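Here is what each chain is made of, one letter per residue.
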Amino acid sequence: MSPATNTERSHKAQKVLERFDKKLSRQVVSSLVSCVHCGMCTDSCHYVLANPDDPSYAPAYKADRIRRIFKRHFDWTGRVAPWWVHARSVYTDDDLEELKDIVFGKCTNCRRCTINCPMGVDFATFNRMARGLLVSVGVMPEGVSVVSKDQWEIGNQMGVLKEDYIETLEWMAEELQMELNDPEATIPIDVPDCDIVYSINPREIKYDPRTIADAAKIFYAAGEHWTMPSEGWDMTNFGLFSGDDDLGGAVARRLYEKVSDLRGKTLVISECGHGYRSTRCEGPNWAKQDINDFAMESSVSTMLRYIRDGRITVDKTRNTTPVTFHDSCNNARSCGFFEEPRELLNLVCSDFREMYPNRAENYCCTGGGGAMSMSEYTPRRLKSAKIKAEQLKATGAKIVVTSCHNCVDGLSDLIRHYNLDMKVTQLVNLVADALVIEPKAEAPEAAVPVATADGELAGYTILVADDEPDLVTFVSTLLEDHGATVIGASNGEEALSLARAHKPDLITLDITMPGMSGDEVFVALRKDPDLRGIKACIITGRPELRRLIYERPVTPPEGYIDKPVDEESILTNVKKILEVHHES
Amino acid sequence: MNETIRIGDTTVRLIKGDITDQEIEAFVYYARHNLALGSGFGTAITVRGGPDIQKELDTLGPIETTEVVVSNAGELKADKIIHAVGPRFQEVDLPAKLATTIRNCLSAAREHDISSLAFPPMGVGFYGVPLDLCARIMLATFQEVLRQSPGMREIVICANDSREYEPFRQLLQNFSTTKEYVQ
Ligand code: SF4
Ligand code: SF4
């Protein structure tokens, strides 16, 4: 089959058609030909529920935008009677832009419509294919291009450099040693012949290092022989979202090769839905590689095994706040992984409440399919999150637990947007909180790193900018108690002029301030040759911040703290950014 | 296995590593038209090299496909960076444009007395240039340019991972100075 040529067609449109043919697997063709337009999938889509009067959100409508190209060029019905089957080609770059808006902006590839289709049409599969075709000619949201390029070239989705990764692991190891009062509590790096090689999501390094420390604590308590790799550590795979199978293969291969080099027995994937699906299920196909020399499992299974085998002891009365569980689409719908997290939750929490619908029927967090990286669609995404907000609220829980970093971000955004009184956490945090660790009998005190809590920020000047006076006071007092010189600013203009006058080492910046917003202050700082070296930590409850992270109009902030803030997250982030280490 | 060959006076060496972190006189960065460093290796250049690099680039762009500019490398281990806007995303005449971009990198190196230069596999990965095509064009262009105008001491091909390394290794292994590497 070859596409009809058309001299009027743009170069990019022609290239899309040429590649379309190569992507037509049996599974894709079967989904493309079998829709009978019964409409049973319509109400399964969160976009439809939020936009009941707009037919362009219906799964079958969206699917038909891709299907009609297939019909026009690769299916006999469209070649014989194109008008009859609504066959239509793509001709111009504008046609491709229009397709981009649908395949990236109106679907999170959550596959909820798939399980509600009696004909077995898997729209998400060919939606992903269409994304890949557009990416191959450079048509994609800016955020998708930024993240893809980071993962291709730096080796992880967030552009974390090797030295920052290692430094964060060392930092978390120090924190752990302090907490456990045991210098042997470490985060081993590149140790060969371990039982477990632990891979993570770069978000953990950049914005949530506590999940790494918590996992390390659990491995410590279990007496595990484990390691983290110095390279090939990112188990996420943006190829799943961008539709780029080459990226999918390259990323998976780096991870597999590193585990093989280290002769690890099991690759443990930290809690991440798309990471789990990509690494365990899709990766071997993309990488064209059979994985026989090591096993792969989710860290949820690892933690559950530790409890079942008596390797760790947990006390569920330490987690008494009511919790509910959000199933990540990739874990639940695509991998059938939904009972293990529930079993684990019931072991470490005393008040677990189910959310309805759940498991494979659960609604998407609405941040899936790479949606968190595409800020141009943020209003659309948050509108479509209405059903998820209602689901969360109905549980009456105060904490929503999810085994997916992407869902943590998606849920956090919608919780703020819909003003829900909830916070998001992961199983690793709850298991670590419930851990019962016997204190070490004779800790060799002298060998333990000593925290010089009182003065560890001495010599640093920190500018705290926030329009909430209480927050300025809270953060300033905390930092001053640890030795820092602190200057307060209550709006953007003041922050910028104080930055010019004092050249602080660090600015903590609220995004939502009257007048010049924190976002604008941050970009102004980065663009000013004299100020761009000042480190910045964004403190926010606003999802639009993602533009700074994913689209990179300027070098991203060094740190990022979600509101509401607490002492631990402020101190951990500030010390990490300023590279303040405990004295040993 | 031969991962180092000679073309005339020049050593061509294949390594695996992070191109922005090499002890080398200069390296090539596959740039955007507006010379914004952006993400990927651009992040590494900004973070490790400091803000002055982008500041200098702001005075040098924008440039067209196949054109190159040379900047200082700030606090990076290299002295200079050659920012080359190669072809991308299946664009028209990609092989010819890629060869021209590589030629322009080598002449910029000569003009700036750079005798040791690292190239990434040009345009592979994010920009979608097929690896095999890239490897053949790079070696063919090196051969063509270095024969006509010797003087370069060393060219390093810096692959990011084994997927990128392998096709270059195979080509270098079968390398013969009498054989032309056609595009
Ligand atoms: S349920 Fe299936 S057959 Fe019916 S409209 Fe949706 S995709 Fe088509
Ligand atoms: S995959 Fe999910 S987001 Fe996409 S159309 Fe189906 S239900 Fe809607």
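Residues numbered from 1 in each chain as written. Chains lettered and ligands numbered in written order. Predicted model: local features only at pLDDT ≥ 70, side-chain atom pairs only at ≥ 80, totals over all residues. Heavy atoms only, no water.

## A closer look at the site of ligand 2
Residues and elements named next belong to chain A. Cys 45, His 46, Tyr 47, Pro 59, Lys 62, Cys 107, Thr 108, Asn 109, Cys 110, Arg 111, Cys 113 and Phe 123 make up every residue found near ligand 2. Elements with a contribution of two residues or more to the shell around ligand 2: helix 3 (46–50) and helix 4 (59–74). In the shell around ligand 2, the residues fall into seven nonpolar, three polar and two charged. (Near = heavy atom within 4 Å. Helix = DSSP H or I, 4+ residues; strand = E, 2+ residues; numbered from the N terminus. Nonpolar A, V, L, I, M, F, W, Y, C, P; charged D, E, K, R; others polar.)

## Description of the pattern of salt bridges
One pass over the full model with this rule turns up 48 salt bridges over all chains. A salt bridge links A:Arg112 to A:Glu361, with the shortest nitrogen-to-oxygen separation between them at 3.2 Å. Of this pair, A:Arg112 sits in helix 7 (residues 112–115) while A:Glu361 sits in the loop between strand 6 (352–353) and helix 19 (378–384), placing them 249 residues apart in sequence. On the basis of relative accessible area, A:Arg112 is assigned to the buried category, the value being 6%. The partner of B:Asp161 in a salt bridge is A:Arg254, with the nearest N and O atoms 2.8 Å apart. Placement of B:Asp161 in the loop between strand 7 (154–159) and helix 5 (162–173) and of A:Arg254 in helix 14 (residues 245–262) is noted, with the two residues assigned to different chains. Classification of A:Arg254 by relative accessible area gives buried; the value is 14%. (Salt bridge = Lys/Arg side-chain N within 4 Å of Asp/Glu carboxyl O. Buried < 20%, exposed > 50% of the residue type's maximum accessible area, 1.4 Å probe, protein only.)

## What about the interface of chain B and chain A?
Facing the 23 residues of chain B at the interface are 30 residues of chain A. Carbon and sulfur atoms supply 54% of the area that chain B and chain A bury against each other, a total of about 2500 Å² over both sides. Summed over the three residues of chain B that lose the most area to chain A, namely B:Gln90, B:Phe126 and B:Arg163, the buried surface amounts to 28% of that side. In this assembly, chain B and chain A are joined by three salt bridges. The closest approach of N and O atoms between B:Arg32 and A:Glu142, which form a salt bridge, is 3.5 Å. The tally of links between chain B and chain A comes to 14 residue pairs in polar contact (both at pLDDT 80 or more). Every element with two or more residues in the side of chain B that touches chain A is listed here: helix 1 (41–49) and helix 5 of chain B. (Contact = heavy atoms within 4.5 Å. Buried area = accessible area lost by both parts, 1.4 Å probe. Polar contact = N/O pair within 3.5 Å; in protein donor to acceptor, adjacent residues only side chain to side chain.)

## As for the confidence of the model for chain B
Taken as a whole, chain B shows an average pLDDT of 94; of its residues, 95% reach a score of 70 or greater. Interface confidence in the predicted complex, given as ipTM, is 0.96; pTM for the same model is 0.90. (pLDDT = per-residue confidence, 0-100.)

## Description of the sheet that holds strand 6 of chain A
Residues and elements named next belong to chain A. One open sheet accounts for four strands, arranged 6-5-7-8; its pairing is parallel. Each of the sheet's edge strands pairs with one partner strand only, and the pair in question is strand 6 and strand 8 (423–425). The sheet strands contacting helix 21 (residues 405–417) are strand 5 (323–326), strand 7 (399–402) and strand 8, and the helix crosses strand 7 at an angle near 155°. Where helix 22 (residues 427–434) meets the sheet, it contacts strand 5, strand 7 and strand 8, and its direction lies at approximately 110° from that of strand 7. (Pairing = 2+ DSSP bridges. Axes fitted to C-alpha atoms, helices over the stretch in contact; angles between N-to-C directions.)

## Overview of the domain arrangement of chain A
Residues and elements named next belong to chain A. Splitting chain A by domain gives domain 1 (11–140), domain 2 (153–308), domain 3 (316–434) and domain 4 (461–578). Of note, the centres of domain 1 and domain 3, computed from C-alpha atoms alone, are 29 Å apart. Listed as interface residues are 20 residues of domain 1 and, on the opposing side, 19 residues of domain 3. Between domain 1 and domain 3, the buried area comes to about 1700 Å², and carbon and sulfur atoms account for 54% of it. Of all residues in domain 1, His 46, Thr 108 and Arg 112 bury the most surface against domain 3, accounting for 30% of the area lost on that side. Linking domain 1 to domain 3 there are two salt bridges. (Domains from an automatic or database assignment.)

## Brief notes about the environment of B:Arg169
Residues and elements named next belong to chain B. By the secondary structure assignment, Arg 169 is in helix 5. Using a relative accessible area of 15% as the deciding quantity, one classes Arg 169 as buried. Taking the C-alpha atoms as reference, Arg 169 lies 11 Å from Leu 139; in sequence the two are 30 residues apart.

## Observations concerning the nonpolar core
Among the nonpolar cores identified, the biggest contains 91 residues, and B:Ile82, B:Leu117, B:Phe119, B:Met122 and B:Phe142 are the most heavily contacted of them. It is helix 4 (residues 131–148) of chain B that contributes the most residues to this core, 10 residues altogether. When residues are assigned to domains, this core turns out to be shared by domain 1 (11–140) and domain 2 (153–308) of chain A, each giving three or more. Each residue touching B:Phe142, except ones within four places of it in the same chain, is listed here: B:Ile7, B:Ile102, B:Leu106, B:Phe119, B:Arg147, B:Ile155 and B:Ile157. Counting residues in each nonpolar core, the second largest holds 68 residues, with A:Ile187, A:Phe325, A:Leu344 and A:Val401 among its members. (Core = buried A, V, L, I, M, F, W, Y, C linked by side-chain atoms within 4.5 Å.)

## Here's the deal with helix 2 (residues 26–33) of chain A
A turn of α-helix holds 3.6 residues, and therefore any two residues three or four places apart point the same way. Residues and elements named next belong to chain A. Among the residues making up helix 2, those that are buried are Val 28, Ser 31 and Leu 32. Here the buried residues of helix 2 occupy an arc of 100° about the axis, which is enough to place them on one side. Contacts from the buried residues of helix 2 go to helix 4 and helix 8 (123–136). (Arc of directions from axis to C-beta.)

## Points about the side chain of A:Glu271
Residue and element names in this part refer to chain A. Locating Glu 271 in the fold gives a position in the loop between strand 3 (266–269) and helix 15 (273–287). There is no salt bridge for the buried Glu 271, and the closest opposite charge comes from Arg 203, which lies 10 Å off by N-O distance. For Glu 271, the side chain forms a polar contact with the main-chain nitrogen of Val 428, separated by 2.8 Å. Aside from chain neighbours lying at most four places away, what touches Glu 271 is Ser 299, Val 300, Met 303, Thr 402, Ser 403, Cys 404, His 405, Gln 426, Leu 427 and Val 428. (Lys, Arg positive; Asp, Glu negative; His and termini not counted.)

## Quick notes on the sheet that holds strand 2 (residues 10–16) of chain B
All names here are of chain B. An order of 1-2-7-6-3-5-4 is seen for the seven strands of this open sheet, with the pairing classed as mixed. Of all the strands in the sheet, just strand 1 (4–7) and strand 4 (68–72) have a single pairing partner and so form its edges. With direction set aside, neighbouring strand axes in the sheet form an average angle of 25°. Set on the sheet, helix 3 (residues 94–111) makes contact with strand 3 (26–30), strand 4, strand 5 (80–84), strand 6 (116–119) and strand 7; between it and strand 6 the angle comes to about 155°.

## Regarding the side chain of A:Thr227
All names here are of chain A. Within the secondary structure, Thr 227 is located in strand 2 (residues 226–227). Overall, the relative accessible area of 0% leaves Thr 227 in the buried class. A polar atom in the side chain of Thr 227 sits 3.2 Å from the backbone oxygen of Pro 188. Of note is the side chain of Thr 227, whose polar atom sits 3.0 Å from the backbone nitrogen of Asp 190. Beyond its immediate sequence surroundings of up to four residues, Thr 227 is in contact with Pro 188, Ile 189, Asp 190, Val 191, Cys 194, Ile 196, Val 197, Tyr 198 and Leu 262.

## Topic: the pairing of strand 9 (residues 461–465) of chain A
Residues and elements named next belong to chain A. The buried fraction of strand 9 amounts to four of the five residues, a majority that puts the element mostly inside the structure. Here strand 9 runs beside strand 10 (residues 485–489); their pairing, made up of five bridges, is parallel. Note on strand 10: the bridge partner recorded for Thr 461 is Thr 485. Read from strand 9 through helix 23 (residues 469–481) to strand 10, the crossover connection turns out right-handed. Both strand 9 and strand 11 (residues 506–510) contribute to a ladder of four bridges, which runs parallel. Paired with Val 464 across the two strands is Thr 508, which belongs to strand 11. (Right-handed = clockwise from strand over helix to strand, strands pointing away.)

## Things to note about unusual backbone geometry
Here A:Tyr356 and A:Pro357 are connected by a cis peptide whose omega angle stands at -10°. Note that A:Pro357 resides in the loop between strand 6 and helix 19. The linkage connecting B:Gly61 with the following residue, B:Pro62, adopts the cis geometry, with an omega of -5°. Structurally, B:Pro62 is set in the loop between helix 2 (52–57) and strand 4.

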